[in-house]
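Residue strings, one per chain:
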Amino acid sequence: MPFDLSLYLITDAELCAEFGLEKTVEAAIQGGITMVQLRDKYASDEQMIAQAKRLKAMLSGSGVPLIINDRLNVALASQADGLHVGQSDTAVQEARNTLGQHAIIGLSINTPAQLQEAPVELLNYVGLGPVFATGSKQDHAQPIGFDGLAWLANACQLPSVAIGGLKAEHMAQVKAAGANGIAVISAICGQPDPRLAAQAFFHDRL
Ligand SMILES: Cc1ncc(COP(=O)(O)OP(=O)(O)O)c(N)n1
Ligand SMILES: Cc1nc(C(=O)O)sc1CCOP(=O)(O)O
Ligand SMILES: [Mg+2]
């Protein structure tokens, strides 16, 4: 499936609880998000597979791919479009072997050494960050700032998405640093109007 990293929504069930996770994603699609990642550190595999299947049905025909965070078995069982893994998660080789050549596979990168060691031939994109410290990921690595982002994005042969503490006002700086887009949780999840929150990232287009 073709993909566009411009505005990549990562879900957080707790933050979305008031508005509802599916309603948040639906509204964010109307607001222009281009990718969705289902991320849930607390759900059982069964719960996550059921949630992924509901999202996959909802996204059908939208052109927005569904990526699963961490769990290869969930990605496989739900027929999601891809998987995002971090440095300590399932190996990229195993993910590619299991999901096949058409799956969208992303890897988190925080340092030049991680980029150098990344199996680029097996990957579709990289997530670069955190740009800033964030409360959305308790065990996040050292923030890299826009200078670190620019270094990694320019050294990288793959499409890249910046992540970590980013808001709509950072879109221009992220693009100027050379990344293809922004990945966010709290700038959309838990916002009173997720559609408007997503639209705000594209105010330059208006
Ligand atoms: C697009 C994107 N980039 C980075 C991450 C972080 O992945 P990881 O380091 O595995 O951390 P967790 O999300 O699993 O806590 C991501 N999920 N998505
Ligand atoms: C899931 C995640 N990964 C990160 C990384 O640096 O790899 S930062 C992060 C949380 C992003 O949430 P928010 O947009 O609310 O800051
Ligand atoms: Mg992970």
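Residues numbered from 1 in each chain as written. Chains lettered and ligands numbered in written order. Predicted model: local features only at pLDDT ≥ 70, side-chain atom pairs only at ≥ 80, totals over all residues.

Draft legend 1. A look at the UniProt feature "domain: Thiamine phosphate synthase/TenI" (unreviewed entry) in the chain. The UniProt feature table records "domain: Thiamine phosphate synthase/TenI" (unreviewed entry) at residues 7-188. With 35% helix and 19% strand, residues 7-188 has its two end C-alpha atoms placed 11 Å apart. (UniProt positions renumbered as here; feature names shortened; annotations may be inferred. Helix = DSSP H or I, 4+ residues; strand = E, 2+ residues; numbered from the N terminus.)

Draft legend 2. Molecular detail of the pairing of strand 4 (residues 82-85). Burial along strand 4 is two-sided: the residues G82 and H84 and L83 and V85 are all buried. Across three bridges, strand 3 (residues 66-69) lies against strand 4 in parallel orientation. Within the sheet, the bridge partner assigned to I68 lies in strand 4 and is L83. In this fold, the crossover linking strand 3 to strand 4 by way of helix 3 (residues 72-78) has right-handed handedness. Two strands pair when backbone bridges link them, and strand 4 and strand 5 (residues 104-109) are joined in this way by four bridges, in the parallel orientation. Opposite H84, over in strand 5, you have G106 as the bridge partner. (Buried ≥ 20, exposed ≤ 12 C-beta atoms within 10 Å, placed from the backbone. Pairing = 2+ DSSP bridges. Right-handed = clockwise from strand over helix to strand, strands pointing away.)

Draft legend 3. Structural context of the environment of P130. Tracing the sequence through the fold places P130 in the loop between strand 6 (125-128) and helix 6 (145-155). On the basis of neighbour counts, which here come to 24 C-beta atoms within 10 Å, the residue P130 falls in the buried class. In this structure the C-alpha to C-alpha distance between P130 and V161, which are 31 residues apart in sequence, comes to 11 Å. Those residues in contact with P130 that lie beyond four places of it in its chain are H140, A141, P143, I144, I163, G164 and G165. (Contact = placed C-beta atoms within 7 Å.)

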